[in-house]
Each structure stands twice: as structure tokens, then as C-alpha cells.
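Single-letter residue listing:
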Amino acid sequence: MAIEVRIPTILRSYTGGQKSVEGSGATLDELFADLNGRYDGLRERLIDDAGLRRFINVYLNDEDVRFLGGLSAPVRDGDTVTVLPAVAGGAR
Amino acid sequence: MRYESLLDAVGGTPLIGLPRLSPGPGVRLWAKLEDRNPTGSVKDRIAAYMVAAAEKDGRLGPGSTILEPTSGNTGISLAMVARVRGYQLICVMPENTSAERRMLLEAYGAQIVLSPAAGGSNEAVRVAKDMAVEHSDWVMLYQYGNEANARAHYETTGPELLADLPEITHFVAGLGTTGTVMGTGRFLREHVPGVQIVAAEPRYGELVYGLRNLSEGFVPELYDESVLTSRFSVSSADALRRTRELLEAEGLFAGISSGCVLHAALGLAAKAQTSGQRADIALLIADAGWKYLSTGAYGGTLAEAAARLEGQLWA
């Protein structure tokens, strides 16, 4: 089973510089735990006691997981998970 | 149509059906054309409201200076309102925004302070906040946290949509300050049971997300997750593709954030079509494509244009 997880620049020190890694799990929570096994410390940058950290956004196939059940969101083989820091973004 | 002055012509924008992009008779897309505002963008609504609110509570008076972190449309709208109401304006914006924006601001008489490209608008906000502390007589209206921003949409955009499309099932708009989805979304939820409020968020190139640390992240103070049904991240490649589709299929020359919004709207339309549900999806066209021509978004192949957009803040 392979789920692609895209890692933002700021967290690539945990993945040996890789911008994309693969993991497995039935939910997002399991997926992050699986990644943490191979990329020690990554999970703690994403999750705190209250759940997903405030300035971290996670998208499952481009949809914000906070609207899909958060860490309980089911994930499947072939899904793409994108992690991004919260930013003010562009032109307004 | 006649108005006493330019500010009175803000809002009241048309809702245009998109018959060629709509998947079928039961699932229809509708574009609300916010480029039909005095300075050509949706931001005229919030600039008028934020200034009026500041005048009402005494923060703005004759000869006041307005300071705002803005890389474009809000600055342009504020520049227009400042001119009409007699204020000075200083805009703080990232250095990698399109040339047209800066030229237009300067033509209105605004002063521009450029912040580093890396860190995008987060950095502009930080710089502006520091400047506001240093110059306490300057007035930072602060679009990211100003309730008059969301209120403008609650009191104007939402009611206009409901009047034109009482059968609305979905509202899709871009997510920046979050004012549009918050204000319009709140209004529609109060009046249309089951309506879906969907935000389409631009996904930029890596430079924009290159923060020094995660605590430098930023969530606009206006943002209230509970107003949204869903939120989508849209790549510049997809936004570009859809912006061109809008032009080619419907003759609508829109800015790139509109492509971003259309991408999310088409996803919702496809879902409704597949499940056999009726849908009337209103999507917000924040501005037309004029300010983005120099980004190369409308010429050459899609791949060439997408590559050019990579380092730029296109929405």
C-alpha cells in the first residue's frame, strides 16, 4: 500500500531532504505514525495535544482534512496527502 | 444606471450563467462578476466598508494616513477610496507581485513599501504590523482581521446572490483574508438550508512557503472554520488551466484566482452530476485578467505559463 505524502520545505530536514515520501495506514493518524517510524520527530511537528497543529494544513487529494474528519480521515492506497504551513499567501 | 459618485457604484454585480461549462441542465454554474466594481475587483466592497467603519468610530479623520499589507486588489481599492475621501495610503507588498499592481497603485498616488519575496504576504503583514507600532498615528485597517471586511460580504455580496439565485446550493470563492467566504457564507447559511460554502485556496510555489519556522505561520483572524463546508487547495497549473477554459468556453476573461475557484466548482458540479443531484453553484470571479497579463498566464502553452507562474503570487 502506498500513499504519497508531500512534505513542505521547512520539514524536509526530517525526511533527509525528500520532498515526497510514502507511507501506509487506514487513517491519517496511522499514516503519520507510520512515517514517524522512519522519519523520527516528524509527527510532533504536525500534531500536538489538541490534534493537528494550528499553523499546519493537511490536504487529502487537495481537500483540507479538517473537513474530512481530521486525523481520523480515512486514507487509501493511491491517495495523495499534502502538508503545507499556513500562510497569508498572495495578492489581496 | 446612475450613481451620485463612484463609491455608490460599489457592488450590485451581475450573475452570469456558464452554460458551456455546466455539466448538464440540472447542474448549473453561475459566475458573480466582481470585476464590475469601480476599480475592477471584489475588494472595492471591503475597502468602502472598512474606511466607512473607521470614519464612524473616529479612527480616520481629515488628512489621516492609511497603512495596509496588500499585494494588490485591496491596495488598489483603498487607493481609490482614499482618493475620494481625502486620505494618504501606504501599501506594504511582497516584491514578486505583478508589475501592473504597483504601477496602478502609484498612479493613484499611494506609496509602496516592498517586503522580501520569500515568506510572501506573511512577511508583508509582519512588516506592516511593525510599521504600525512605530507610527501610531497611521491607521492600519488590517483586512485580515477587520470585521468590516466580512460584514461587507454579509451585507452586500450574500444578499445579492440570494436575490439573483434563490435556488443556490453551493457558493465557491477564493480564500485569502477569508472575508468573502466568511461573510457571504454566514449570510447564505442563515437563509438557505443545506447550502454548501466552499473555499478554494491557491497553492503556490515553494518560495512562498519557505518560512523560518512553523510558528511564523498565519491564520487570518477572520477565519472561522465552522462557516465552511469544505476547503480545497488548487495548484497554479490547475488554476491556470481553468482560467483559460473560462476564456475559451465562456468568453470570460478572469484573473487566475477565478480559475482556482472554477476548479473547485467543477469538482462540486461533477459530484452533483454523478449523484444525480440538482445543483446551482455560484462562484465568485474576484477580478478580470488584466493585471495578470504580464505573468504570461494567457499566452504560450499551459506548461510554459505554469512554469512562469511558479515563483509568483498569482492570486
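Everything numeric in this text was worked out from a predicted model, so none of it was measured. (Residues numbered from 1 in each chain as written. Chains lettered and ligands numbered in written order. Predicted model: local features only at pLDDT ≥ 70, side-chain atom pairs only at ≥ 80, totals over all residues.)

## Remarks on the overall build of chain B
Here is step 1 of the chain: The number of helices and strands found in chain B is nine helices and 10 strands.
Here is step 2 of the chain: Over its C-alpha trace chain B gives a radius of gyration of 19 Å, about what one expects of a compact globule, namely 20 Å for 315 residues.
Here is step 3 of the chain: Projected onto the principal axes, the alpha-carbon positions of chain B cover approximately 60 × 45 × 40 Å.
Here is step 4 of the chain: Put simply, chain B has 315 residues, and 55% of those count as buried.
Here is step 5 of the chain: Long-range pairs, those at least 24 residues apart, make up 71% of the contacts in chain B between residues at least 6 apart in sequence. (Helix = DSSP H or I, 4+ residues; strand = E, 2+ residues; numbered from the N terminus. Rg over C-alpha atoms; globule rule 2.2 N^0.38 Å. Buried ≥ 20, exposed ≤ 12 C-beta atoms within 10 Å, placed from the backbone. Contact = placed C-beta atoms within 7 Å.)

## Observations regarding the interface of chain B and chain A
Here is step 1 of the chain: Contact with chain B, which involves 38 residues of that partner, is made by 23 residues of chain A.
Here is step 2 of the chain: Those elements that provide at least two residues to the side of chain B that touches chain A are helix H2 (73-85), helix H4 (120-134) and strand S9 (230-235) of chain B.
Here is step 3 of the chain: The biggest single contributor to the side of chain B that touches chain A is S9(B), with five residues.
Here is step 4 of the chain: Among the residues forming the side of chain B that touches chain A, the class breakdown is 16 nonpolar, 18 polar and four charged. (Nonpolar A, V, L, I, M, F, W, Y, C, P; charged D, E, K, R; others polar.)

## Quick look at the sheet that holds strand S4 (residues 88-94) of chain B
Pairing between the strands of a sheet is mediated by backbone hydrogen bonds and can be parallel or antiparallel.
All names here are of chain B.
Here is step 1 of the chain: The strand order across the open sheet built from four strands is S5-S4-S3-S6, with neighbouring strands paired in parallel fashion. Lying at the two open borders of the sheet, with one neighbouring strand each, are strand S5 (111-115) and strand S6 (139-140).
Here is step 2 of the chain: Bridging between S4 and S5 involves five bridges; their strand directions are parallel. If you follow Val92 over to S5, its bridge partner there is Val113. (Pairing = 2+ DSSP bridges.)

## Topic: the domain arrangement of chain B
Reports often express the size of an interface as the amount of accessible area lost when the parts come together.
Residue and element names in this part refer to chain B.
Here is step 1 of the chain: When cut into domains, chain B gives domain 1 (6-36 + 157-303) and domain 2 (43-140).
Here is step 2 of the chain: Contacts between the two partners involve 18 residues from domain 1 and, on the opposite side, 18 residues from domain 2.
Here is step 3 of the chain: Residues belonging to the side of domain 1 that touches domain 2 are distributed by class as follows: nine nonpolar, six polar and three charged. (Domains from an automatic or database assignment.)

## Looking at the nonpolar core
Here is step 1 of the chain: Counting residues in each nonpolar core, the largest one holds 102 residues, and the members touching the most others are Phe171(B), Val172(B), Ala200(B), Val261(B), Ala265(B), Ile281(B) and Leu283(B).
Here is step 2 of the chain: With 10 residues, helix H8 (residues 256-274) of chain B is the largest single contributor of residues to this core.
Here is step 3 of the chain: Both domains that furnish three or more residues to this core are identified here as domain 1 (6-36 + 157-303) and domain 2 (43-140) of chain B.
Here is step 4 of the chain: In contact with Phe171(B), not counting residues within four places along its chain, are Leu161(B), Thr184(B), Gly185(B), Leu188(B), Val195(B), Ile197(B), Val198(B) and Ala282(B).
Here is step 5 of the chain: Counting residues in hydrophobic clusters, the runner-up holds 18 residues, among them Ile7(A), Val58(A), Val75(A) and Val81(A). (Core = buried A, V, L, I, M, F, W, Y, C linked by C-beta atoms within 7 Å.)

## As for the confidence of the model for chain B
Where the model shows low pLDDT, its predicted coordinates should not be examined in detail.
Here is step 1 of the chain: Within chain B, residue pLDDT values average 94, and 99% of them lie at 70 or more.
Here is step 2 of the chain: Interface confidence for the predicted complex, expressed as ipTM, amounts to 0.95; the pTM equals 0.95. (pLDDT = per-residue confidence, 0-100.)

## Some thoughts on the pairing of strand S7 (residues 170-174) of chain B
All names here are of chain B.
Here is step 1 of the chain: Counting buried positions along S7 gives five out of five residues, so the element sits mostly inside the fold.
Here is step 2 of the chain: Of the two faces of S7, the one lined by His170, Val172 and Gly174 and the one lined by Phe171 and Ala173 are each fully buried.
Here is step 3 of the chain: When S7 meets strand S8 (residues 196-203), the two strands line up parallel, connected through five bridges. Each bridged residue has a counterpart across the sheet, and for Gly174 the counterpart in S8 is Ala200.
Here is step 4 of the chain: Note on the crossover from S7 through helix H6 (residues 179-191) to S8: the handedness is right-handed.
Here is step 5 of the chain: Summarising the sheet, S7 and strand S10 (residues 279-285) pair through three bridges and their orientation is parallel. Its bridge partner lying in S10, His170 is registered against Ile281. (Right-handed = clockwise from strand over helix to strand, strands pointing away.)

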